[in-house]
Amino acid sequence: MKKETRLSPVFLALSLFLASGPLPAAAQMRVQVGAGSSAGVPVVPALGGSILPGAGSLTNTPAALGLNGSLAAPSATPAPLVSVVPTAALQSPSALSAVTPAAATPDNAKAIVVRTPGAAATGIAAEAAEYAAAPAAQAPAAKAAAPVQKSLAGRILDTLLRRPAASVSFDGAAERSAPVFGRMGLKEQKPITLPNGTVTDEQPTTPSPDREPTTRVEAYGLPGARDVGGIFETSRKVLAADASNGTAVVDAVKAMIDADPARYGVSSADLRLIHAQKFTGKGEQADTLFVYFRQTKNGLIVNGSALSFTIKTLNGQPTIVAQTGQIFPQLDVNTETVLTDDQIMGKIAERTGMPTSDVANSFEFYEQKIIYSRGEWRNVKLYVAEGLPFMVAVDVVSGLVFAWDNRTGLESASEPTAGGVTGTVSGKAVDKGPILADSQISEVALPFLEVKIGGKSYVTDKNGKLPADLTVGPEGLELTATLSGPWVRVENQQGATLSVKVAVKPGENKVVFNPQAGVTDENTLAQVNAFHKVNLSLAFLRERGLSNERMDKTQLPVRTNINDECNAYYTPGRPTLNFFRSSKNCVNSAYDTVAEHENGHYWDDFTGGIVNGGLSEGWGDILSMFRLNNPIIGEHFLKQSRGGVDYIRHGENTYQYNEYDEVHDQGQAWGGFAWKLRKALIAKLGEAEGAAMAESLVMPTMFAKASRIPDAMAQVLVNATGKDGTILHEAEIRAAAKAHGIDLPQSRATGVASFLSRLSGPLASVKLTGVENLGGAAMNTGLLAAEGQSPTVKAKMTFTVGALYRGRVVNQLRRYLDEAGVKYELKSYGGWLSTDYLLVIEGPQDEVQQHVDAIQSWFRSLESR
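Residues numbered from 1 in each chain as written. Predicted model: local features only at pLDDT ≥ 70, side-chain atom pairs only at ≥ 80, totals over all residues. Heavy atoms only, no water.

1. Comments concerning the overall build of the protein chain
Definition in use: Only DSSP runs of H or I covering at least 4 residues are called helices, and only runs of E covering at least 2 are called strands; the numbering of each starts at the N terminus. Each residue is assigned to one of three classes by its accessible area relative to the maximum for its type, calculated with a 1.4 Å probe on protein chains only: buried under 20%, partly exposed between the two thresholds, exposed over 50%. Only the protein chains shown count as cover for residues, and all accessible areas are computed by the Shrake-Rupley method using a 1.4 Å probe.
In terms of helices and strands, the protein chain carries 19 helices and 31 strands. By residue count, 58% of the 865 residues in the protein chain fall in the buried class. Taken as a whole, the protein chain presents about 32,600 Å² of accessible surface, with 52% of it coming from carbon and sulfur.

2. Let's talk about the environment of Gln 640
Looking at the secondary structure, you find Gln 640 in the loop between strand 26 (632–633) and strand 27 (649–650). Through-space distance from the C-alpha of Gln 640 to that of Cys 586 is 7.9 Å; in sequence the pair is 54 residues apart.

3. Focus on the packing of aromatic side chains
To be explicit about the condition: Stacked, tilted and edge-to-face pairs are distinguished by plane angle, under 30 degrees for stacked and over 60 for edge-to-face with tilted covering the rest, among Phe, Tyr and Trp rings (Trp via its six-membered ring) whose centres lie within 6.5 Å. Here, a charge over a ring is recorded when the distance from Lys NZ or Arg CZ to the ring centre is within 6 Å and its angle to the ring normal is within 35 degrees.
Throughout the structure, instances matching the rule amount to 15 aromatic pairs. Judged by centre distance (5.8 Å) and plane angle (20°), the ring pair of Phe 402 and Trp 404 falls under stacked. An identical accessibility class is assigned to Phe 402 and Trp 404; each is buried. Through a chain of ring-to-ring contacts, three or more aromatic side chains come together here, namely Trp 603, Trp 619, Trp 670 and Phe 673. Positioned above the aromatic ring of Phe 365, the side-chain terminus of Lys 381 is 5.7 Å from the ring centre. In this arrangement the basic side chain of Arg 550 is found over the ring face of Phe 606, its NZ or CZ atom lying 4.1 Å from the centre.

4. Quick look at the sheet that holds strand 25 (residues 576–580)
Stated precisely, the cut-off is as follows: At least two DSSP bridges between two strands are required for those strands to pair. The axes used here are C-alpha line fits, helices contributing only the stretch in contact, and every angle between their N-to-C directions lies in the interval 0 to 180 degrees.
Pairing is mixed across the open sheet formed by four strands, whose spatial order is 20-23-25-24. Two strands lie at the open edges of the sheet, namely strand 20 (488–492) and strand 24 (568–571), each paired on one side alone. When the angles between neighbouring strand axes are averaged without regard to direction, this sheet yields 20°. When strand 23 (residues 556–562) meets strand 25, the two strands line up parallel, connected through three bridges. Across the sheet, Ile 562 pairs through a bridge with Phe 580, a residue of strand 25.

5. Quick word on the side chain of Lys 705
The condition that has to hold: Contacts are assigned to residue pairs with any non-hydrogen atoms lying within 4.5 Å of each other.
Structurally, Lys 705 is set in the loop between helix 14 (687–698) and helix 15 (709–719). Not counting the four nearest positions on each side in its chain, Lys 705 is found in contact with His 275, Tyr 292, Asp 604, Thr 607, Gly 608, Gly 609 and Val 611.

6. Regarding the nonpolar core
Counted only if it meets this: Definition used in this section: a nonpolar core is a set of buried Ala, Val, Leu, Ile, Met, Phe, Trp, Tyr and Cys residues joined via side-chain atoms within 4.5 Å.
Trp 670 and Met 699 are the most contacted members of the largest nonpolar core, which totals 102 residues. Apart from residues lying up to four places away in sequence, Met 699 is in contact with Phe 540, Leu 541, Leu 546, Trp 603, Trp 619, Ile 622, Leu 623, Phe 626 and Ala 694. In this structure, Val 810, Val 848, Ala 854 and Ile 855 belong to the second largest nonpolar core, which totals 24 residues.

7. Concerning the sheet that holds strand 19 (residues 477–482)
For sheets, the rule is that strands pair by backbone hydrogen bonds, running either parallel or antiparallel. Read across the sheet, four strands follow the order 18-17-19-21 without closing on themselves; strand pairing throughout is antiparallel. Both edges of this open sheet fall to strand 18 (456–459) and strand 21 (499–504), since each of them pairs with a single strand only. Strand after strand, the sheet turns through a mean of 25° between neighbouring axes, direction not considered. Summarising the sheet, strand 17 (residues 450–453) and strand 18 pair through four bridges and their orientation is antiparallel. By the bridge assignment, Glu 450 is partnered in strand 18 with Val 459.

8. Section: the environment of Gln 326
Keep this limit in mind: Counted as a polar contact is a pair of N or O atoms within 3.5 Å, where, for protein atoms, one must be capable of donating a hydrogen and the other of accepting one, and residues adjacent in sequence contribute only when both atoms are in side chains.
In this fold, Gln 326 is placed in strand 10 (residues 317–327). Note on Gln 326: relative accessible area 13%, which makes it buried. As for Gln 326 and Arg 216, which are separated by 110 residues in sequence, their C-alpha atoms are 4.2 Å apart. Setting aside residues up to four positions removed in sequence, Gln 326 forms contacts with Thr 206, Thr 214, Thr 215, Arg 216, Gly 304, Ser 305 and Ala 306. A polar side-chain atom of Gln 326 sits 3.1 Å from the main-chain carbonyl oxygen of Gly 304.

9. Some points on the pattern of salt bridges
Here is the rule we go by: Here a salt bridge means any side-chain nitrogen of Lys or Arg lying within 4 Å of a carboxyl oxygen belonging to Asp or Glu.
Taken as a whole and assessed by the stated rule, the structure comprises 27 salt bridges. Between Asp 201 and Arg 374 there is a salt bridge, with the nearest N and O atoms lying 3.3 Å from each other. Taken together, the residues span a long stretch of sequence, with Asp 201 in the loop between strand 2 (176–177) and strand 3 (205–206) and Arg 374 in the loop between strand 11 (363–373) and strand 12 (376–385) at a distance of 173 residues. Given the relative accessible area of 17%, Asp 201 is considered buried. Its relative accessible area of 52% is what places Arg 374 among the exposed residues. Across the pair Arg 708 and Asp 711 runs a salt bridge, and its minimum N-O distance is 3.4 Å. What makes Asp 711 buried here is its relative accessible area of 7%. Each of Asp 201, Arg 351 and Arg 374 takes part in a single network of salt bridges with overlapping partners.

10. Notes on the packing of helix 11 (residues 592–606) against helix 12 (residues 613–628)
Just so we agree on the cut-off: Angles below 35 degrees are treated as roughly parallel, those above 145 as roughly antiparallel, those between 65 and 115 as roughly perpendicular, and all remaining angles as oblique. Crossing handedness follows the turn of the near helix against the far one: under a right angle anticlockwise gives a left-handed crossing, and clockwise gives a right-handed one. When residue character is reported, Ala, Val, Leu, Ile, Met, Phe, Trp, Tyr, Cys and Pro are called nonpolar, Asp, Glu, Lys and Arg charged, and the others, Gly included, polar.
One way to put it is that helix 11 packs onto helix 12 with a least axis distance of 7 Å and a crossing angle of 130°. Judged by the inter-axis angle, helix 11 sits oblique to helix 12. The hand of the helix 11/helix 12 crossing is right-handed. Of helix 12, the residues touching helix 11 (which contributes Asp 592, Thr 593, Glu 596, His 597, Asn 599, Gly 600, His 601, Trp 603 and Asp 604) are Ser 616, Glu 617, Trp 619, Gly 620, Asp 621, Leu 623, Ser 624, Arg 627 and Leu 628. Its residues placed into classes, the contact of helix 11 with helix 12 shows four nonpolar, eight polar and six charged.

11. Overview of helix 14
Spelled out, the test is: A helix is expected to span 1.5 Å multiplied by its residue count minus one.
With 12 residues, helix 14 should cover 16 Å at 1.5 Å per step; its first-to-last C-alpha distance of 16 Å lies within 8% of that length. For helix 14, every residue scored as buried is listed here: Gly 690, Ala 691, Met 693, Ala 694, Glu 695, Ser 696, Leu 697 and Val 698. Along its buried surface, helix 14 packs onto helix 9 (522–543), helix 12, helix 13 (663–685), helix 15 and helix 16 (730–738).

12. Re the confidence of the model for the protein chain
Short version of the rule: Looking at any residue, its pLDDT shows the predictor's confidence there, from 0 to 100.
Counting all residues, the mean pLDDT for the protein chain is 74, and 67% of those residues have values of 70 or more. Per-residue pLDDT stays below 50 along residues 409–421; that stretch engages in 50 contacts with residues further than four places along the chain or on separate chains. Contacts of residues 748–789 to residues separated by more than four positions or lying in other chains number 106 contacts, the stretch itself having pLDDT below 50.

13. Focus: the state of the cysteines
Disulfide: a covalent bond formed between the sulfur atoms of two cysteine residues. This is how it is decided: In plain terms, two cysteine sulfur atoms within 2.5 Å form what is called a disulfide here.
Tallied over the full model, the rule gives one disulfide. Here Cys 566 is linked by a disulfide to Cys 586, with a sulfur-sulfur distance of 2.0 Å. On the sign convention where negative is left-handed, the bridge of Cys 566 and Cys 586, at about 100° about the S-S bond, is right-handed. Taken as a pair, Cys 566 in the loop between strand 23 and strand 24 and Cys 586 in the loop between strand 25 and helix 11 lie far apart in primary sequence, 20 residues in all.

14. Description of unusual backbone geometry
At Asn 315, a residue that is not glycine, the phi angle is positive and equals roughly 55°. Structurally, the position occupied by Asn 315 is in the loop between strand 9 (306–314) and strand 10. Its identity as a non-glycine residue notwithstanding, Asn 629 has a phi of 55°, on the positive side. Checked against the element boundaries, Asn 629 lands in the loop between helix 12 and strand 26. What makes Asn 629 partly exposed here is its relative accessible area of 41%.

15. Regarding the packing of helix 13 against helix 16
What describes two packed helices is the angle between their axes and the distance between those same axes. Between helix 13 and helix 16, the least distance of the axes is 8 Å, while the angle of their chain directions is 145°. Between helix 13 and helix 16 the crossing geometry is right-handed. Counting all contacts with helix 13, which are made through Phe 673, Lys 676, Leu 677, Ala 680 and Lys 684, the residues of helix 16 involved are Glu 732, Ile 733, Ala 736 and Ala 737.

16. Topic: the side chain of Asn 379
Looking at the secondary structure, you find Asn 379 in strand 12. Judged by its relative accessible area of 1%, Asn 379 is buried. At a separation of 3.2 Å, a polar atom in the side chain of Asn 379 contacts the main-chain carbonyl oxygen of Thr 335. Only 2.9 Å separates the side chain of Asn 379 from the side chain of Gln 368, close enough to count as a polar contact. Among residues more than four places away in sequence, those in contact with Asn 379 are Leu 300, Val 333, Asn 334, Thr 335, Glu 336, Thr 337, Gln 368, Lys 369, Val 394, Asp 395, Val 396 and Val 397.

Written out as structure tokens, the structure is:
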């Protein structure tokens, strides 16, 4: 083919793109270096600037660690445009050691094409209900072809010719944790030791794309983006369905998926609908439908898979404004069950050290699903046991057994209605804060409590009122009750659970569970606290349409006064909330903010599953802060303050998000974002209106099931779409995210200059963000390393490279690190015009600091050219 015929479509496609309007902006770049670093110096890139040729290359010698020189700018001919972004395999996102050879450059897409299909109707409720039941067997589906990777020029050509371009966008992270059930207590939990003395296994992961072909979808249709199709597709899409008919909208989404298997990786037959949850917009906010699927193979859910669509009603039409998730199109696993039940019990006994008879009597089957662990997909059966803080998974083909810590955190019934009253049921409790020596004890009404009167069962209303239609003779009837109702059942772990037996007579009655309780009666106060607070938290969710049928049909066991200290947790699988008794170090954990936090994990689990530990921690904090109007989680939790702090977390925190941090730390970003947004909206709209708007923007995000905290924040921006298609309260949302180091996708661009900057600029900015130390010493904490020994540290650097230069930047960086013998990992978070990278270097502090300084100096030299 002649050169002219190759150039014309490429430059024409670029021209079309430049005229197409705004694109989402790149994420902020920052650098996190090892111990002893100074404050960062921001570098402003020159828009449209280039890197001069002939300035040398990235080198490493024993004499100097200088990363001198820069990269040669690509020529004006089309050949470099193609060669700079290779068409070969994508860069592996797995951890890379010093001997790892230079890999091909990642070429990742976040934008996808969506089409407007027709659809046949099916029942949403019936389909979603399958999620709560055991998965039915399905006929094996044909394996979808792997999406084809193309060069940048090839994808631009697809834009022009309207051919389907691959939608694969790899989260370049190495195998991510994809917990079946993560360990997320109020604080980090103590390790569990099994009966045979061994420890629990690592949670299952999601495979990195170099190990398993992955289709990752991430697109946000913000105002101002125009549809040019192909690789630049980010706009909103209108579905051919009645916006008021949820079933028709879901079917339209399925038809869209089926019309483009190269983009989504699977057909709708390989997806299970988890929920289609609708929310009515507040004020000028548009109505929203969240549609959430999980991938299946032969009827088994694939752990770590997800496909989420946010659909707004704009101008009366259902319009897709966001879609995120990841699918594994070439998943290869044997879905047959080879082992018998007896063999499975024997394998569990071997792994745990428990007698086989005890295993058979204790462990109950929970579910069967597909997980990725120890380098391969596995067909496992999951088992839980009453009172045991771990879950086991048995590979039903190989017999391999995993034991996982399933502590997470900190019967059919409908909500009763009642008219008049004949009395109330209450209990003595501490209504606000923990049980302390100076706490105020008060009577609190016990909502949704089951009572038996004259042999018949009744349920109190949300104010603890007895039913109005109850009639008794002058002799009265016996009333009996324990702390149990349709949604909560208290199980005390230190002595008997509270109960009451009294006579009720005509007229007004007052029933109190623990009428003599004082501040020293921790046991009974904790029980009433737990029943009261968890019920109010669940009612808060139900009243706002944030619950679902599965939650509304579940009675949640709540265990109080557990003989342990300084924590609380939630256990999925066999869902329970668990609260510890007091000790010399901490208070009894059964009180308002802690109960709200743990109930947040339950909510997260029952609305599609816990997909991210940091998000789940944040959800627990948000539920507490929003319901109680209190930014403090675990107020006065510690009896001895640490650094003047006696609480666990605070919504006013200044934590800067880092996905490598411990999940409770990460959760501060999501919780802090929500609280700061709520505070800003209250200042803007007033107390009641601002709080209600914050709830309307943040709380429904649960049903989008974002996989990362930045994605959840971006989802809030999408949730703020008004009826006219604009973004409401955009400045407040962006400011709250920025407070935690996260820049949200932009709805506006700066035209040609912005495009050229993102395409050709090798880096965006540089910012130093902190220190992580893996040895016994940490800078700025007063601890010192052993004499003569440099502590081991990790340095984290994040940077962005434009599409025309990323191959050269990455290859030179790898060459330098490999020659230096540095232990490192380089991960990519791809976009079409630029790619965000995370570089983690590990080693002795002084050596790591040298490398960080050298690499940072090189970055700045590139920026200055």
